[in-house]
Amino acid sequence: MKCENCKNNRPLFLFRMKEKIMNIEVTYPLCEDCEETVIDDKDWRRKTITRIINENSDLKNKHKIDRSKCTKYNMTIGDLLVMKESQKGKCKICNKSEEELNEALYIDHCHISGKVRHLLCRFCNSALGFAKDDPTIIQNMLNYINEYRKTTEYKDNIKSKSINIDKPFQVF
């Protein structure tokens, strides 16, 4: 087998490194000698994951990968999978998975700088958008909900649910 790093043909048993990224088993085409030097190179890892995903349409479909979204934010598919992996495939705000939501997470970004922040579900991403990413609006929303939670109407309607109504929502 040919090592992608040193380009030497080496015996197959010298290619041993495997990794799981979002339940995708990735076998890196690196010989034992090159493994140590390349494994910490995040750029190489990202490009290799992107190439492996691009070569396998089943993996793209399985992980609801939309290449146009990646391109829009100047990301590779590898970047997206590494981000998904770091968030354990869940929305950064509500912590719901794509399986629970039955749809892909959205790439959230700052509308001022254009910088990608995290992956969010459609609902959390929309809430931030409607609030214009303004902490004052978000805090006012929290105050509004916490005030309503103090009312008798709310307490009467919530009795059958297991929610702690004495603890106010907070911004961390």
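Residues numbered from 1 in each chain as written. Predicted model: local features only at pLDDT ≥ 70, side-chain atom pairs only at ≥ 80, totals over all residues. Heavy atoms only, no water.

Attention now goes to the overall build of the chain. Secondary structure summary: the chain contains 9 helices and 4 strands in total. The secondary structure elements of the chain, listed N-terminal to C-terminal, are β-β-α-α-α-α-α-α-β-β-α-α-α. Sequence separation of 24 or more characterises 42% of the internal contacts of the chain that already satisfy a separation of 6 or more. (Helix = DSSP H or I, 4+ residues; strand = E, 2+ residues; numbered from the N terminus. Contact = heavy atoms within 4.5 Å.)

Looking now at the nonpolar core. In terms of nonpolar packing, the biggest core is built from 18 residues, with Met75 and Ile107 touching the most fellow members. Put simply, the parts of the chain that give this core at least two residues each are α5 (77-86), β4 (116-120) and α7 (122-130). In terms of residue count, the dominant contributor to this core is α5 (4 residues). Counting residues in hydrophobic clusters, the runner-up holds 6 residues, among them Leu30, Cys31, Cys34 and Val38. (Core = buried A, V, L, I, M, F, W, Y, C linked by side-chain atoms within 4.5 Å. Buried < 20%, exposed > 50% of the residue type's maximum accessible area, 1.4 Å probe, protein only.)

Another point: the pattern of salt bridges. Scanning the model with the defined rule gives 5 salt bridges in all. Here Arg117 ties to Asp133 by a salt bridge, and the two come within 3.0 Å at their closest N and O atoms. With Arg117 in strand β4 and Asp133 in the loop between α7 and α8 (135-149), this residue pair connects regions lying 16 residues apart in the sequence. The network of salt bridges with common partners includes Asp108, Arg117 and Asp133. (Salt bridge = Lys/Arg side-chain N within 4 Å of Asp/Glu carboxyl O.)

Another aspect to go through is the confidence of the model for the chain. On average, residues of the chain score 78 in pLDDT, and 72% of them are at 70 or above. The element-level mean pLDDT for the chain is lowest in strand β1 (residues 18-21), coming to 60, with β4 highest at 94. (pLDDT = per-residue confidence, 0-100.)

Time to look at the pairing of strand β3 (residues 106-109). Pairing of β3 with β4 involves 3 bridges; the strand directions are antiparallel. Bridge pairing in β4 links His109 to Val116. Where β3 hands over to β4, the hairpin turn is made up of 6 residues, of which Gly114 adopts a positive phi near 80°. (Pairing = 2+ DSSP bridges.)

Backbone geometry at Asn95 places phi at a positive 70°, although glycine is not the residue there. Structurally, Asn95 can be placed in the loop between α5 and α6 (98-101). Its relative accessible area of 46% is what places Asn95 among the partly exposed residues. Positive phi values are uncommon outside glycine, yet Lys132 reaches one of about 55°.

Scanning the model with the defined rule gives 0 disulfides in all. Free of any disulfide, Cys6 has its nearest cysteine sulfur in Cys3, 3.7 Å distant. Residue Cys6 is classed as partly exposed on the basis of its relative accessible area, which comes to 26%. As a non-bridged cysteine, Cys91 has Cys94 as the owner of its nearest cysteine sulfur, 3.7 Å distant. For Cys91, a relative accessible area of 2% puts it in the buried group. (Disulfide = S-S within 2.5 Å.)

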